[in-house]
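# Structure assessment
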Amino acid sequence: MKLLVQTNQENLGTYIVHGADGFLLPLAHFSADYDGSYSLDAILNLRKQYPKTRLFVVMNEMLLNRDLKEVEAILKTLDVHQIDGILFYDWAIYRLHQKNHCQVPLFFHQTHMLTNRMSVEFLKEKGITGGVLANEITLSEVEAITKTSFQFFQLLIGYPPAGYSRRKLLSNFYKSLGKEKKKDLLVHEDSTQMPFFLHETEKGTSLLYGKRLNATYFYEALEQCNITYGIIKQEDLEEKTVLQILDIYKKEKENAIRTEKIGNLLGRNTGFFARKTVFKVKK
Amino acid sequence: MKVELLAPAGDLERLKVNLLYGADAVYVGGERFSLRANATNFTDEELKEGCAFAHRLGKKVYLTANIVFHDEDRIEMEQYIAKVVSCGIDAMIVSDLYLIDYLHKHYPQIEIHVSTQNSITNQEETLFYKELGASRIVLARELSLQEIEEIIQATHLEVEVFIHGAMCTCYSGRCALSSYVTNRDPNRGGCSQVCRFSFEALEKQKFTMATKDLNLSTSIQELIRIGVKSFKVEGRMRSLYYLATVIGTYRKIIDAFTFGTLDKALEQKAQEVLARVSNRESTTQYLFHEADEKDQYYTGRQEISNQEYLGQVIDYNQAQKRVILKERNYFKRGDQVELFTPSGDVYPFEIQEIYDEKGNQLEVARHPEQVLALPFPIPVPAYSMIRKVTPSHFTNDTKKIKIETRKEDTV
């Protein structure tokens, strides 16, 4: 499994030295649910600076008609600058990619949607190169879905996205209080005390589950599933912690030791890998 | 252009009430793949009966199968699809890409409506689904009038929009809050409505993100003008009374538009009637501006209870000139009420006598589900309903019905 880091730093060299195989680069104004973003110019500079490193651009924003021209121009630019792939949410990107005969690989990134094998087969038929698995499925589901040739991305470390709204939830909240707006807020659900981070941009508000996923316990199993890319999101971690994590993944051969060491750094929330969600609560 | 009023039906009785009160089509959930896994939903037999009922009236039934599939949901999916198609449904509302493709290839006679679960927000995305075989898209609820119009003009695909009912805080399909807080998967029908929960934020301040409801009753003209084909009402788990009132009201608005009689006064009355069955405040949400702080709530609970629905007419006794009804909420002699019918007639009157099934006269009706009779001079059909009103509530200009009381014995 190759390790991709999502950071908001422009100096990627240190991460590469410590074993990062590539990076997710959320594009400013056209990405959601990620901490930080890069302008198109910054991404093109990174491409020049790190020509041999895998760079994937994230464009998972909900697009409106008024965005389409700009998105089309961006696709054409990325296409000629040999970006390793675009992670997309909106099928408009696929249509514009087709229309312009772009060659840059597309990766499906509808946050909660990649949950079954037949959808993968559909995506392959459409010429999609890979996709980001939903975080709300079990390991056995991952095992079943990945029995096909497709480049799968899996979040290993980071706060999982839990919701995305067009509403300016924080602007509205602070306005209702008569207070000055802030763009981030941590809230806890009253009865369960489950934490959520809210982050607002000019396009809407992301809600991230506030317990960081640490999938290290399942790392070996995910490798056996041929997960192509594991994602490590830096978010509120210090750079040195991310480097430590990379060191552990790259150098430590025993999964139990890896799990222990990273667990000590980040906690042990293993998400839904071993916990199946339910949906029918009445007979 | 003929437009469609599309109503939610959680069960067979709701299906019938919706169609009788003026819906052109209903959407229902079957035994599998519906995003309301905990609604009653339709058995195959009920689905057949519902389709037959609708088709006799020249109306349609759409089946929702709009979950985000997991592999285990695919087991016997093909058999299930074959079965529900054979029940007579006119369209399937779906979100899964593979299923859209599958339906297009195997059931060309079935319309494919792409669910709002896909949160379609632009014309290119719409064209993607059109090429895939969709005959209609249900647009994201987050779009403005102008954004909707642009999509219709650029794609010439049938467009359905939500016009009334509860709103999600997040884009449909882009929310898993329920999975994280309650372990219930919202994208397979288990949504526990976490966006209506209360949260603790800074300095013990409560934070909520709940939305007010959607109500576009004063915007129907604009929506017809820009080419919206189908007007969808939310709420497969809503009561018969709610559905009868909401669907009946929108029927009147659409018909008035069609016949050139829609005016501000009618819209105003419609607003008043709709407000009476609502348990939350409502706004136009995104239609004319980006939804803002006025479109949300900032307190813990927002619902208010509504007990004005008094009973549902189940029969009319011609000889005794009495409506036979099933009681829903407490009422008493002397109450000012309205009886309204599926065809849109409204009769205000005062309850002067109440009889039980044995013909005993009662002062009050206090047992929900009890069968009662009230003197009423005009024959009215089953599924008419009675609601409590105050004088300011009266919804038409007709004089109150005068009830002549007679001494009779049994219901």
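Predicted model, so just to flag it, every value in this text is computed and none were measured.

Scanning chain B for helices and strands turns up ten helices and 22 strands. Its C-alpha atoms give chain B principal-axis dimensions of roughly 70 × 55 × 45 Å. In chain B, which comprises 411 residues, the share counted as buried stands at 49%. Taking contacts inside chain B between residues at least 6 apart in sequence as the whole, the part at least 24 apart equals 67%.

Turning our attention to the overall build of chain A. A count of helices and strands for chain A gives ten helices and 13 strands. Over its C-alpha trace chain A gives a radius of gyration of 19 Å, about what one expects of a compact globule, namely 19 Å for 283 residues. When its C-alpha atoms are laid out on the principal axes, chain A stretches across 50 × 50 × 45 Å. In chain A, 65% of the contacts between residues at least 6 apart in sequence involve partners at least 24 apart.

With that settled, consider the nonpolar core. A:Leu25, A:Val57, A:Ile86, A:Ile93, B:Val26, B:Leu139 and B:Ile247 are the most contacted members of the largest nonpolar core, which totals 209 residues. When residues of this core are assigned to their parent elements, the largest contribution, ten residues, is made by helix 9 (residues 240-258) of chain B. Not counting residues up to four positions away in its chain, the partners in contact with B:Ile247 are B:Leu5, B:Ala7, B:Asn18, B:Tyr21, B:Gly22, B:Ala23 and B:Val233.

Turning next to the sheet that holds strand 10 (residues 195-200) of chain A. Ordered by their spatial adjacency, six strands build an open sheet running 8(A)-11(A)-10(A)-9(A)-8(B)-9(B), and the pairing between neighbours is antiparallel. Every other strand in the sheet has two partners, leaving strand 8 (161-165) of chain A together with strand 9 (206-207) of chain B as the edge strands with one partner each. Pairing analysis gives five bridges linking strand 9 (residues 184-189) of chain A to strand 10 of chain A, with the strands arranged antiparallel. Bridge pairing links A:Leu186 to A:Phe197 in strand 10 of chain A. Those strands touched by helix 7 (residues 169-177) of chain A are strand 8, strand 9, strand 10 and strand 11 (205-209) of chain A together with strand 9 of chain B, and its axis lies near 95° from that of strand 10 of chain A.

With that settled, consider the packing of helix 1 (residues 12-20) of chain B against helix 9 of chain B. Residue and element names in this part refer to chain B. Viewed as axis vectors pointing N to C, helix 1 and helix 9 meet at an angle of 20°, and their least axial separation amounts to 9 Å. With respect to their mutual orientation, helix 1 and helix 9 come out roughly parallel. Here helix 1 runs over helix 9; the crossing is right-handed. Every residue of helix 9 that contacts helix 1 at Glu-13, Arg-14, Val-17 and Asn-18 is listed here: Leu-240, Leu-243, Ala-244 and Ile-247. Across the contact of helix 1 with helix 9, the residue classes break down as five nonpolar, one polar and two charged.

Further remarks concern the pairing of strand 17 (residues 346-350) of chain B. All names here are of chain B. Summarising the sheet, strand 16 (residues 336-340) and strand 17 pair through five bridges and their orientation is antiparallel. Bridge assignment links Gln-336 to a residue of strand 17, and that residue is Glu-350. Hairpin connection of strand 16 to strand 17: five residues between the antiparallel strands, including Gly-344 at a positive phi of 100°.

Let's shift gears to the packing of helix 3 (residues 68-80) of chain A against helix 4 (residues 91-99) of chain A. All names here are of chain A. Where helix 3 meets helix 4, the axes come as close as 10 Å, and the angle between the chain directions of the two elements is 55°. Taken together, the axes of helix 3 and helix 4 are oblique relative to one another. Of the two elements, helix 3 crosses helix 4, and the hand of that crossing is right-handed. Along its contact with helix 3, which presents Leu-68, Val-71, Glu-72 and Leu-75, the element helix 4 presents Ala-92, Ile-93, Leu-96 and His-97. Grouping the amino acids of the contact of helix 3 with helix 4 by side-chain chemistry returns six nonpolar, one polar and one charged.

As a further point, take the domain arrangement of chain B. Accessible area lost during the coming together of the parts is what is often quoted as the interface size. All names here are of chain B. One can read the domain layout of chain B as domain 1 (4-295) and domain 2 (309-393). Computed from C-alpha atoms alone, the centre-to-centre distance between domain 1 and domain 2 is 32 Å. At the interface, ten residues of domain 1 touch eight residues of domain 2. Looking at the side of domain 1 that touches domain 2 element by element, the count peaks at six residues for helix 9. For the side of domain 1 that touches domain 2, a count of residues per class yields six nonpolar, one polar and three charged.

Further remarks concern the environment of A:Ile245. Residue and element names in this part refer to chain A. Assignment of secondary structure puts Ile-245 in helix 9 (residues 239-251). The class of Ile-245 is buried, set by 26 C-beta atoms lying within 10 Å. Residues Ile-245 and His-18, spaced 227 residues apart in sequence, show a C-alpha to C-alpha distance of 9.1 Å. Excluding residues that lie within four positions of it along the chain, Ile-245 makes contacts with Ile-157, Ile-232, Ile-262 and Leu-265.

Take the pairing of strand 11 of chain A next. Residue and element names in this part refer to chain A. Of all the five residues making up strand 11, five are buried; the element is thus mostly covered by neighbouring parts of the structure. Both faces of strand 11 are covered, namely the face carrying Thr-205, Leu-207 and Tyr-209 and the face carrying Ser-206 and Leu-208. In this structure, strand 8 lies alongside strand 11, joined through four bridges in antiparallel fashion. Of the residues in strand 11, the one forming a bridge with Ser-165 is Thr-205. Sheet topology places strand 10 next to strand 11; five bridges connect them, and they run antiparallel. In the sheet register, His-199 faces strand 11, and the bridge partner there is Ser-206.

Okay, the interface of chain A and chain B next. Across the contact, 51 residues belong to chain A and 53 residues belong to chain B. Elements represented by at least two residues in the side of chain A that touches chain B include exactly helix 4, helix 5 (117-125), helix 6 (139-145), strand 8, helix 7, strand 9 and strand 11 of chain A.

Before going further, it helps to spend a moment on the domain arrangement of chain A. All names here are of chain A. Here the domain parsing of chain A yields domain 1 (2-159 + 211-266) and domain 2 (160-210). A C-alpha centroid distance of 24 Å is found between domain 1 and domain 2. The partner domain 2 presents eleven residues to the nine residues of domain 1 that form the contact.

With that out of the way, let us pick up helix 10 (residues 255-266) of chain A. A rise of 1.5 Å per residue sets the reference length of helix 10 of chain A, with its twelve residues, at 16 Å; its end C-alpha atoms lie 16 Å apart and thus fit the reference within 8%. Where helix 10 of chain A terminates, the next one or two residues include A:Gly267, which has phi positive at roughly 90°.

Rules and cut-offs
Residues numbered from 1 in each chain as written. Chains lettered and ligands numbered in written order. Predicted model: local features only at pLDDT ≥ 70, side-chain atom pairs only at ≥ 80, totals over all residues. Helix = DSSP H or I, 4+ residues; strand = E, 2+ residues; numbered from the N terminus. Buried ≥ 20, exposed ≤ 12 C-beta atoms within 10 Å, placed from the backbone. Contact = placed C-beta atoms within 7 Å. Rg over C-alpha atoms; globule rule 2.2 N^0.38 Å. Core = buried A, V, L, I, M, F, W, Y, C linked by C-beta atoms within 7 Å. Pairing = 2+ DSSP bridges. Axes fitted to C-alpha atoms, helices over the stretch in contact; angles between N-to-C directions. Parallel < 35°, antiparallel > 145°, perpendicular 65-115°, else oblique. Left-handed = near helix turned anticlockwise from the far one by under 90°. Nonpolar A, V, L, I, M, F, W, Y, C, P; charged D, E, K, R; others polar. Domains from an automatic or database assignment. Expected span 1.5 Å × (residues − 1).

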